[in-house]
Amino acid sequence: MAQTEQEILAGLADIVNEITGVAVADIATEKSFTDDLDIDSLSMVEVVMAAEEKFGVEIPDEEVKNLVTVGDAVSYIAKASA
Amino acid sequence: MTSMSAASITPVTGAPFARIMGVGSYRPARVVTNAEICELIDSSQEWIRERSGIEERRFAAEDETVADMAVAAASKAIASAGITPDQIGAVIVATVTHLLATPSAAAEVGYRLGAGNAPAFDISAACAGFCYGLSLAQDMVRGGSADYVVVIGVEKLTDIVDPTDRSTAFLFADGAGAVVVGPSTTPAIGPTVWGSDGSHLDAITMSGRYEDLRNEPRAEYPHVVMQGQVVFRWAVNEMARVAQEALDAAGIKATDLSAFIPHQANLRIVDAMVRALKLPDHIPVARDIVKSGNTSAASVPIAMDAMLQAGQIPSGGLALLIGFGAGLAFAAQVVELP
């Protein structure tokens, strides 16, 4: 069964927290990975790889640059796992 | 169909096994700090340290060549192996920065080492070059084509790096590392797990071709360009798996290792590989990149020498080596330390 966007956001927040140390409470859909959460490009790759494993989706390299905000990532994962 | 000739060719016989007998390295004298790097790129010392783990690196002098550095490292490896130069049966130089199409760097290096007329050749496998060379050397010793093989990883990456490119200028550096591979009565170099993936040629490549300069003398001088995220992902995903396969092929468990010596690509790649391999905490891991930067083909033997010299790893212990880089080429094997 596909996960709700709420569940994906919670799961993604756990991943981001584990890899970068950003507080779970700060991770919201409108936040930009780079500008608001201060996540650098290599950490972003680690987040993407962990998300792929957790949600069973594929996020190709060329797609990663389009995932500007947390919300972008949540929608992409929701669509890819639907 | 049977042979027409009654004469038979003498069978080739080699040593039952091969081992690394000695190791040596050479670091250029000039220490280059992150502060100096930041004079030419829009970056900060902190940013460099966070992205790569690098605090300083060594740059070769302008007139110092790849062959100079290779000879310096190989001389130490030969002395440490306890052989004399005339016993050298072959010289293999792994490099991507001998910027001369011909003759090879190895031909000059062998001559200067006093290896007489020993066969000498270069191999181009980028950051995997040393582990490729080690695999060839083992096969040569076991196959009977040489008793002692000198394998050198050497780079003068400052010759192909644009010092104003903020994605590579802080990363790459210069240096040389070498080993002598010779005969052994017991297995001391495990099976090499190696390969290449030509579908990612663009991940690490050059900005142009040298012949472009012939047609357009004002064309930009070619320099190395890298898609950092692509390389990082490939390294963390695929190379941890290759390293595990090398352990399995050797019949060795991670807990049996005395050291993990991966190519010093980036400290964050090293750390991510350690996590992916689930290496026990007590096993020493090469983190020479902090002081040496990324020296491509030279990084594994330089790090091995540094760890042995510092007494961090014991002689006779087992080390897992892995090299990976442009190509994308990769090679990993378990070795017994000299």
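Everything discussed here concerns the structure shown above.
Here's what I pulled together on the structure shown here. Numbering of residues starts from 1 in every chain and runs along the sequence as written. Labels follow written order: the first chain is A, the first ligand is 1, and so on. Given that the model is predicted, a residue must reach a pLDDT of at least 70 before its local features are reported, and side-chain atom pairs must reach 80 or more before they are shown or counted; all residues, however, enter totals for whole chains, interfaces and linings. Hydrogens and waters are ignored; side-chain quantities use all the structure's heavy atoms.

## What to know about the sheet that holds strand β12 (residues 318-325) of chain B
In sheet architecture, strand pairing relies on hydrogen bonds along the backbone and comes in two forms, parallel and antiparallel.
Residue and element names in this part refer to chain B.
Moving on, step 1. Across the sheet, which stays open at both edges, the four strands sit in the order β8-β13-β12-β11 with mixed pairing between neighbours. Each edge of the open sheet is held by one strand with a lone partner, namely β8 (193-196) and β11 (259-262). Taking each pair of neighbouring strands and ignoring which way they run, the sheet shows an average axis angle of 15 degrees.
Moving on, step 2. As judged from the eight bridges shared by β12 and strand β13 (residues 329-336), these two strands associate in the antiparallel manner. Residue pairing in the sheet places Ala-319 in a bridge with Val-335 of β13.
Moving on, step 3. Contacting β8, β12 and β13, helix α5 (residues 129-143) runs over the sheet at an angle of about 60 degrees to β13.
Moving on, step 4. Contacts: residue pairs with any heavy atoms within 4.5 Å of one another. For helices, the fitted axis covers only the stretch in contact; all axes are lines through C-alpha atoms, and the angles between them, taken along N-to-C directions, range from 0 to 180 degrees. Secondary structure elements are defined from DSSP: runs of H or I of at least 4 residues count as helices, runs of E of at least 2 residues count as strands, and each element is numbered from the N terminus. Strand contacts of helix α7 (residues 228-250): β8, β12 and β13, with the helix running at about 35 degrees to β13, the strand carrying the most contacts. The rule for pairing is simple: two strands pair if DSSP sees at least two bridges between them.

## With respect to unusual backbone geometry
All names here are of chain B.
Moving on, step 1. Of the consecutive residues Thr-102 and Pro-103, the connecting peptide bond is found in the cis state with omega at 0 degrees.
Moving on, step 2. With an omega dihedral of -15 degrees, the bond running from Gly-327 to Leu-328 counts as a cis peptide bond.
Moving on, step 3. Tracing the backbone through its elements, the reader meets Leu-328 in the loop between β12 and β13.
Moving on, step 4. In the Ramachandran plot, Ser-296 falls in the positive-phi region, its phi being about 50 degrees despite a non-glycine side chain.
Moving on, step 5. Position of Ser-296 among the secondary structure elements: in the loop between α9 (289-292) and α10 (299-309).
Moving on, step 6. For every residue, the accessible area obtained with a 1.4 Å probe (protein chains only) is divided by the maximum for its type, and the residue is called buried under 20%, exposed over 50%, and partly exposed between those limits. Assessed through its relative accessible area of 3%, Ser-296 is described here as buried.

## So, the side chain of Ser-296 of chain B
Moving on, step 1. From its side chain, Ser-296 of chain B meets the backbone nitrogen of Cys-127 of chain B in a polar contact 3.5 Å long.
Moving on, step 2. Discounting residues that sit within four places of it in the chain, Ser-296 of chain B has contacts with Ala-126, Cys-127, Glu-155, Leu-157 and His-263 of chain B. Identification of polar contacts relies on pairs of N or O atoms within 3.5 Å, with a donor-acceptor requirement for protein atoms, meaning one able to donate a hydrogen and the other able to accept it, and with residues adjacent in sequence counted only if both atoms are side-chain atoms.

## Quick look at the packing of helix α3 (residues 66-81) of chain B against helix α4 (residues 105-113) of chain B
Any two packed helices are characterised by the angle at which their axes cross and by the distance between the axes.
Residue and element names in this part refer to chain B.
Moving on, step 1. Running from N to C, α3 and α4 point in directions that differ by 45 degrees, and their axes come no closer than 9 Å. Judged on the interaxial angle alone, α4 and α3 are oblique. For the element pair α3 and α4, the recorded crossing hand is right-handed. Counted together, Val-66, Ala-67, Asp-68, Ala-70, Val-71, Ala-74, Ser-75 and Ile-78 of α3 and Ala-105, Glu-108, Val-109, Arg-112 and Leu-113 of α4 form the full contact between these two elements.
Moving on, step 2. Only Asp, Glu, Lys and Arg are considered charged in this grouping, and only Ala, Val, Leu, Ile, Met, Phe, Trp, Tyr, Cys and Pro are considered nonpolar; every other residue, Gly among them, is considered polar. Tallied by class, residues from the contact of α3 with α4 come to nine nonpolar, one polar and three charged. Comment on the angle field: the value is read as roughly parallel under 35 degrees, roughly antiparallel over 145, roughly perpendicular from 65 to 115, and oblique elsewhere. Whether a crossing is left-handed or right-handed is set by the direction in which the near helix is turned from the far one by less than a right angle, anticlockwise for left-handed and clockwise for right-handed.

## A word on the packing of aromatic side chains
Residues and elements named next belong to chain B.
Moving on, step 1. When two rings of Phe, Tyr or Trp (its six-membered ring) have centres within 6.5 Å they constitute a pair, described as stacked for plane angles under 30 degrees, edge-to-face for angles over 60, and tilted for the intermediate range. Per the stated rule, a full pass over the model turns up five aromatic pairs over all chains.
Moving on, step 2. Residues Trp-234 and Phe-324 carry aromatic rings whose centres are separated by 6.2 Å and whose planes lie at 70 degrees to one another, so their mutual orientation is edge-to-face. Highlighted residues: Trp-234 in helix α7 and Phe-324 in strand β12, separated in sequence by 90 residues.
Moving on, step 3. A residue is classified by how much of its surface remains accessible, and Trp-234, at 10% relative accessible area, is buried.
Moving on, step 4. For Phe-324, a relative accessible area of 2% corresponds to the buried category.
Moving on, step 5. Connected via pairs of aromatic rings, a cluster forms that spans Trp-234, Phe-324 and Phe-330.

## A short note on the pattern of salt bridges
Moving on, step 1. Every case where a carboxyl oxygen of Asp or Glu lies within 4 Å of a side-chain nitrogen of Lys or Arg is listed as a salt bridge. Evaluation of the coordinates by the stated rule reveals 15 salt bridges over all chains.
Moving on, step 2. One salt bridge connects Asp-40 of chain A with Arg-51 of chain B, and the closest N-O pair in it is separated by 3.4 Å. Of this pair, Asp-40 of chain A sits in the loop between α1 (5-20) and α2 (41-55) while Arg-51 of chain B is found in helix α2 (residues 45-52), placing the two residues in two different chains. For the residue pair Asp-40 of chain A and Arg-51 of chain B, the accessibility class agrees, reading buried in each case.

## Some remarks on the interface of chain A and chain B
Moving on, step 1. With 14 residues of chain A in contact, the opposing surface of chain B contributes 12 residues.
Moving on, step 2. Buried surface at the junction of chain A and chain B, summed over both partners, amounts to about 1,200 Å²; 52% is from carbon and sulfur atoms.
Moving on, step 3. For the interface between chain A and chain B, the tally reads five salt bridges.
Moving on, step 4. As a salt-bridge pair, Glu-46 of chain A and Arg-275 of chain B come within 2.8 Å of each other at their nearest N and O atoms.
Moving on, step 5. Applying the counting criterion to the chain A and chain B interface returns eight residue pairs in polar contact (both at pLDDT 80 or more).
Moving on, step 6. Per-element accounting of the side of chain A that touches chain B gives the leading share, nine residues, to α2 of chain A.
Moving on, step 7. Looking at the side of chain A that touches chain B residue by residue, the classes come out as eight nonpolar, two polar and four charged. Take the accessible area each of two parts loses on contact, using a 1.4 Å probe, and add the two losses: that sum is the buried area.

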